[in-house]
Amino acid sequence: MIQPALVVYGEDEKVIPEFSWSWKTMGIEGNPEWNSRVPTEEWAGPTKQVLLVTMRPIMSDLAQSILEKRKVKLGSTHDGW
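Owing to the predicted nature of the structure, the values given are computational and were not obtained by experimental measurement.

> What's the story with the overall build of the chain in this structure? I'm lost.
Assigned secondary structure in the chain consists of one helix and six strands. Judged by the C-alpha coordinates and their principal axes, the chain covers about 40 × 30 × 20 Å. Across the 81 residues of the chain, 28% fall into the buried class. Within the chain, contacts between residues at least 6 apart in sequence are counted, and of these 37% link residues at least 24 apart. Entry remark: accessible area of the chain is about 5,800 Å², with carbon and sulfur atoms responsible for 55%. Positive and negative charge centroids in the chain, built from 9 and 11 side chains respectively, lie 4 Å apart.

Right under this line is the structure:
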């Protein structure tokens, strides 16, 4: 299975880990399966359990997260799953 990822490089051409993302960097313990359930983030409303494979960075938040020096917001492509 191919995993989505977001890698952000700084002006010095080095990866900025605070702004980079993949399923492996979400803080999930162990080696989760594709059908593992993870919670959505509070900014999106009430927290729900969704399939790991539906979680993605919210690309419209990327520039703002870099300016604020925080992780990019995550959202699910299928909140009801």
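> In this structure, what is going on with a nonpolar patch on the surface? I would like to understand it.
Residues Val 7, Tyr 9 and Val 15 make up a contiguous nonpolar surface patch of about 290 Å² in total accessible area. Take Val 15: it is sitting in the loop between β1 (5-6) and β2 (21-22). Using a relative accessible area of 41% as the deciding quantity, one classes Val 15 as partly exposed.

> Just to check I follow, could you spell out the side chain of Ser 22 for this structure?
By secondary structure assignment, the location of Ser 22 is in strand β2. Residues in contact with Ser 22, not counting those within four places in the same chain, are Gln 3, Pro 4 and Ala 5.

> Mind showing me how you'd approach the pattern of salt bridges here?
Any two side chains of opposite charge can pair if their charged atoms end up close together. Overall, the coordinates contain two salt bridges when judged by the stated rule. A salt bridge links Arg 70 to Asp 61; the nearest nitrogen and oxygen atoms lie 2.6 Å apart. For Arg 70, a relative accessible area of 23% puts it in the partly exposed group. Take Asp 61: its relative accessible area is 8%, and that puts it in the buried class. With a closest N to O distance of 2.6 Å, Arg 70 and Glu 68 form a salt bridge. Owing to a relative accessible area of 44%, Glu 68 belongs among the partly exposed residues under this scheme.

> Help me understand the confidence of the model for the chain, please; the structure alone is not making it clear to me.
Atom-level detail of predicted coordinates should not be read off regions where pLDDT is low. Confidence in the prediction of the chain, expressed as mean pLDDT, is 83, and 94% of residues score 70 or more. Mean pLDDT per element in the chain: β2 is the minimum at 83, and helix α1 (residues 62-68) is the maximum at 89.

> Before we go on, may I ask you to explain the side chain of Ser 20 in this structure?
Along the chain, Ser 20 turns up in the loop between β1 and β2. Within polar-contact distance, the side chain of Ser 20 engages the backbone oxygen of Ile 16 at 3.1 Å.

Calculation notes
- Residues numbered from 1 in each chain as written.
- Predicted model: local features only at pLDDT ≥ 70, side-chain atom pairs only at ≥ 80, totals over all residues.
- Heavy atoms only, no water.
- Helix = DSSP H or I, 4+ residues; strand = E, 2+ residues; numbered from the N terminus.
- Buried < 20%, exposed > 50% of the residue type's maximum accessible area, 1.4 Å probe, protein only.
- Contact = heavy atoms within 4.5 Å.
- Areas by Shrake-Rupley, 256 points an atom, 1.4 Å probe, with all protein chains shown as cover.
- Lys, Arg positive; Asp, Glu negative; His and termini not counted.
- Charge placed at Lys NZ, Arg CZ, Asp CG, Glu CD.
- Patch = residues over 30% accessible without salt bridge, like charges linked within 9 Å, V, L, I, M, F, W, Y side chains within 5 Å.
- Salt bridge = Lys/Arg side-chain N within 4 Å of Asp/Glu carboxyl O.
- pLDDT = per-residue confidence, 0-100.
- Polar contact = N/O pair within 3.5 Å; in protein donor to acceptor, adjacent residues only side chain to side chain.

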